[in-house]
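A structural walkthrough
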Amino acid sequence: MHETAADLAALQQLLDASYANAGEHLLRIHTPERRLTAEQVCERLTGMRLLALATVSSAGRPVVGPVDGIFFRGAFHFGSAPDSVRFRHIDARPWVSATHLPGEELAITVHGRAERADTSSGALRQTLLDIYTPRYGAEWETFLDSGPVFARIDAERMFTFSMPGADTLG
């Protein structure tokens, strides 16, 4: 976990506010015992977690695709090529939604704005190196310097669902 006490407090406030403004249908499913606390979210989202990320096209249509999600300092981060359709959408219309859904037992969804993140130095860069260098080798640092751009999702709403054993239900 890379989160500070202030990060955890802000994340818990976001979760609480999101549920305070949620609709009845969602609240019937996301009962309090099925929700994660900020600390539990951070514990569950270590390393790389696959996200389905939705951007908005120039025609106002949603476009969803997979990205590597890195949860760092209480927010999802992701990367792509600087000339990707994804980042063209984000540069013009930064509103995004993303869901981490490894199975029926866990879902974490966030809605907010994507803001470019600096990976030239600092703790985010080191976190990326810690995750990807063991997978792809030392040359991944050179790739990071010449290839992808990264963004952070500044969340306005976040919802969590956890139901251990749901993947074994018939």
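Residues numbered from 1 in each chain as written. Predicted model: local features only at pLDDT ≥ 70, side-chain atom pairs only at ≥ 80, totals over all residues. Heavy atoms only, no water.

Once that is clear, we can look at the packing of aromatic side chains. Following the criterion strictly, the structure yields 6 aromatic pairs and no others. Measuring from centroid to centroid gives 5.9 Å for Trp140 and Phe143, while their planes differ by 55 degrees, and the two rings are tilted. With Trp140 and Phe143 both in helix α6 (residues 139–146), this residue pair falls 3 residues apart, about one helical turn. Classification of Trp140 by relative accessible area gives buried; the value is 8%. Aromatic ring contacts, followed pair by pair, group Tyr132, Tyr136, Trp140 and Phe143 into a single cluster. One cation-aromatic arrangement involves Arg35 over Tyr19; the distance from NZ or CZ to the ring centre is 4.0 Å. Looking at Arg113, its charged tip hangs above the ring of Trp95, at a distance of 5.0 Å from the centre. (Phe/Tyr/Trp six-rings, centres within 6.5 Å; stacked < 30°, edge-to-face > 60°. Helix = DSSP H or I, 4+ residues; strand = E, 2+ residues; numbered from the N terminus. Buried < 20%, exposed > 50% of the residue type's maximum accessible area, 1.4 Å probe, protein only. Lys NZ or Arg CZ within 6 Å of the ring centre and 35° of its normal.)

Here we come to the pattern of salt bridges. Scanning the model with the defined rule gives 6 salt bridges in all. For Arg73, the salt bridge identified is with Asp7, shortest N-O distance 2.4 Å. Within this pair, whereas Arg73 is found in the loop between β2 (62–72) and β3 (75–80), its partner Asp7 is found in helix α1 (residues 5–20), the two being separated by 66 residues in sequence. Exposure remark for Asp7: the relative accessible area of 13% places this residue in the buried category. The shortest N-O distance in the salt bridge between Asp91 and Arg116 comes to 2.8 Å. Of this pair, Asp91 sits in helix α4 (residues 85–92) while Arg116 is found in strand β5 (residues 106–117), placing the two residues 25 residues apart along the sequence. Members of the salt-bridge network, linked through shared partners, are Arg125, Glu141 and Asp145. (Salt bridge = Lys/Arg side-chain N within 4 Å of Asp/Glu carboxyl O.)

Position of Leu11 relative to the elements: it lies in helix α1. On the basis of relative accessible area, Leu11 is assigned to the buried category, the value being 3%. For Leu11, the contacting residues outside a window of four places in its chain are Ala38, Val41, Cys42, Phe71, Gly74 and Met158. (Contact = heavy atoms within 4.5 Å.)

Before going further, it helps to spend a moment on the side chain of Thr109. As for its position among the elements, Thr109 is in strand β5. Overall, Thr109 belongs to the buried group, its relative accessible area being 17%. A polar contact is formed between the side chain of Thr109 and the side chain of Thr99, at a distance of 3.0 Å. When sequence neighbours within four positions are dropped, the list of residues in contact with Thr109 reads Ala98, Thr99, Arg157, Met158 and Phe159. (Polar contact = N/O pair within 3.5 Å; in protein donor to acceptor, adjacent residues only side chain to side chain.)

Tallied over the entire structure, the rule returns 1 cavity of 30 Å³ or more. A volume near 40 Å³ is recorded for the largest cavity. If you go around the largest cavity, the residues you meet are Leu11, Leu14, Phe71, Gly74, Ala75, Phe76, Val110, Ile153, Ala155 and Met158. Looking at the lining of the largest cavity, the elements with two or more residues in it are α1, β3 and β6 (149–162). Split by residue class, the lining of the largest cavity holds 9 nonpolar, 1 polar and no charged. (1 Å grid on protein atoms, 1.4 Å probe; cavity = no way out; pocket = protein on both sides within 12 Å on 5 of 7 lines; lining within 4 Å. Points joined across faces, edges and corners; volume = space filled by probe spheres on them. Nonpolar A, V, L, I, M, F, W, Y, C, P; charged D, E, K, R; others polar.)

When you tally the buried positions in β5, you get 9 out of 12 residues, the bulk of the element. Between strand β4 (residues 95–103) and β5, which follow one another and run antiparallel, lie 2 residues. In this sheet, β6 lies alongside β5 in antiparallel orientation, the contact comprising 12 bridges. Looking across to β6, one finds that Arg113 is bridged to Asp154. (Pairing = 2+ DSSP bridges.)

As far as function goes, none of this settles anything; it's purely spatial.
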